[in-house]
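Fold and geometry: a report
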Amino acid sequence: MKPTLATVWLDGCSGCHMSLLDMDERLIDVLARADLVYSPLVDLKVFPDTVDVTLVEGAVSSEEDLHKIRHVRERTKLLVALGDCAVTSNVPGMRNLFGVAAVMRRAYDDTVAGPGRGTTPSEVIPALLPTSRPVHEVVTVDLFLPGCPPPADAIHTLINELVEGRTPDLSALSRLGR
Ligand code: SF4
């Protein structure tokens, strides 16, 4: 049976998922050797009960992110923090200097023109956590692949090695901020 693979998108810009897609034709080879069972790239709504490898993009910034990553962690054998936002909180973490109230004021009072100005939504948008946190501060992470985003070559090596049952040495493939 092929190993199962999932990808999850928390508070990130989707750049890490775009880098995954930058594997181009190598995606076909990867998908021949692993089943992609959950991802924003495919139309599956429910995270499976058990997944071998899950790549997580983005920081944990909202109550929804927190619920999702705990749910994913419980069902994943090997969890990978993919990209600087997952590894350090990176761009989402910039708001940690200011606090939630100032961020919401900036988003809904200062920068919105017209009738919506000054109205902070109370539905649909999940509540922000006090700070945006890297994934490992919330759940156990097994592997870290830094980069903003990590290069497609590094993601390819990562997945290849993991589906072969090996733990890759990622130190030479990517680094923070690159
Ligand atoms: S690490 Fe960079 S590319 Fe990836 S989600 Fe964060 S900002 Fe986007």
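Everything here concerns the structure above.
To keep things clear, this report deals only with the structure shown in the data block. (Residues numbered from 1 in each chain as written. Predicted model: local features only at pLDDT ≥ 70, side-chain atom pairs only at ≥ 80, totals over all residues. Heavy atoms only, no water.)

Focus: the overall build of the chain
Using the following cut-off: Helix and strand assignments follow DSSP, with helices taken as H or I runs no shorter than four residues and strands as E runs no shorter than two, numbered in order from the N terminus. Note on method: radius of gyration uses C-alpha positions; expected globular size equals 2.2 Å times residues raised to 0.38. The cut-offs for exposure are 20% and 50% of the maximum accessible area for each residue type, with area from a 1.4 Å probe on protein chains only; residues under the lower value are buried, those over the upper are exposed, and the others partly exposed. In what follows, residue pairs with any heavy atoms lying within 4.5 Å of each other are defined as contacts. The protein chains shown are the only cover counted for residues, whose accessible areas, like all others here, come from Shrake-Rupley with a 1.4 Å probe. By the counting scheme adopted, Arg and Lys are positive, Glu and Asp are negative, and His together with the chain ends is not counted. Throughout, a charge is located at the NZ atom of Lys, the CZ atom of Arg, the CG atom of Asp or the CD atom of Glu.
Helix and strand counts for the chain come out as six helices and seven strands. For the chain, the sequential pattern of α-helices and β-strands runs β-α-α-β-β-β-α-β-α-α-β-β-α. In terms of overall dimensions, the chain is globule-like: its C-alpha atoms have a radius of gyration of 17 Å, near the 16 Å expected for 178 residues. With respect to the three principal axes, the spread of C-alpha positions in the chain is 55 × 35 × 30 Å. By residue count, 42% of the 178 residues in the chain fall in the buried class. Long-range contacts, defined as pairs at least 24 residues apart, comprise 79% of the intrachain contacts of the chain with a sequence gap of at least 6. Counting every atom, the chain has about 9600 Å² of accessible surface; 56% of that belongs to carbon and sulfur. Taking the average place of the 17 positive charges on the side chains of the chain and the average place of its 24 negative ones, the gap between the two points comes to 3 Å.

Some details on the site of the ligand
Worth spelling out the cut-off: To be near a molecule or strand, a residue needs just one of its heavy atoms within 4 Å of it. In the cavity and pocket records, a cavity denotes points on a 1 Å grid over the protein atoms alone where a 1.4 Å probe fits but cannot get out, a pocket denotes an open set with protein on both sides within 12 Å along at least 5 of 7 lines, and lining residues are residues with an atom within 4 Å of a point. Any molecule with more than half of its atoms within 2 Å of a cavity's or pocket's grid points is counted as sitting in it. Ten residue types, Ala, Val, Leu, Ile, Met, Phe, Trp, Tyr, Cys and Pro, are classed as nonpolar, four, Asp, Glu, Lys and Arg, as charged, and the remainder, Gly among them, as polar.
The full set close to the ligand counts 13 residues, and Cys-13, Cys-16, Asp-84, Cys-85 and Cys-148 are the nearest of them. Judged by the fraction of its atoms near the pocket grid, the ligand is located in the second largest pocket. The set of elements that each furnish at least two residues to the shell around the ligand consists of α1 (15-21) and α4 (84-88). Grouping the amino acids of the shell around the ligand by side-chain chemistry returns six nonpolar, five polar and two charged.

Side note on the side chain of Ser-39
How we decide: Under the rule applied, a polar contact is a pair of N or O atoms within 3.5 Å (in protein, one hydrogen donor and one hydrogen acceptor; residues adjacent in sequence only if both atoms are side-chain atoms).
On the secondary structure map, Ser-39 appears in the loop between β2 (35-38) and β3 (51-57). Here Thr-7 takes part through its side chain, which lies 2.6 Å from a polar atom of the side chain of Ser-39. Once you skip the residues sitting within four places of it in the chain, Ser-39 turns out to touch Thr-7 and His-17.

Some details on a nonpolar patch on the surface
Test applied: Surface patches are defined over residues having more than 30% relative accessible area and no salt bridge, joining like charges when they lie within 9 Å and nonpolar side chains (Val, Leu, Ile, Met, Phe, Trp, Tyr) when within 5 Å. By definition, a salt bridge exists where a carboxyl oxygen of Asp or Glu is found within 4 Å of a side-chain nitrogen of Lys or Arg.
A cluster of nonpolar side chains, contributed by Met-18, Leu-21 and Leu-41, occupies part of the molecular surface with about 230 Å² of accessible area. Looking at where Leu-21 falls in the secondary structure, it is placed in helix α1.

Concerning the pattern of salt bridges
Within this structure, the stated rule accounts for eleven salt bridges. For Asp-35, the salt bridge goes to Lys-2, with nearest N and O atoms at 3.3 Å. Of this pair, Asp-35 sits in strand β2 while Lys-2 sits in the segment before β1 (4-9), and the two are 33 residues apart along the sequence. Note on Asp-35: relative accessible area 32%, which makes it partly exposed. Residue Arg-166 is joined to Glu-161 by a salt bridge in which the shortest nitrogen-to-oxygen separation is 3.0 Å. Taking relative accessible area as the criterion, Arg-166 reaches 44% and is therefore assigned partly exposed. Salt bridges linked by common partners bring Asp-29, Arg-33 and Glu-164 together as one network.

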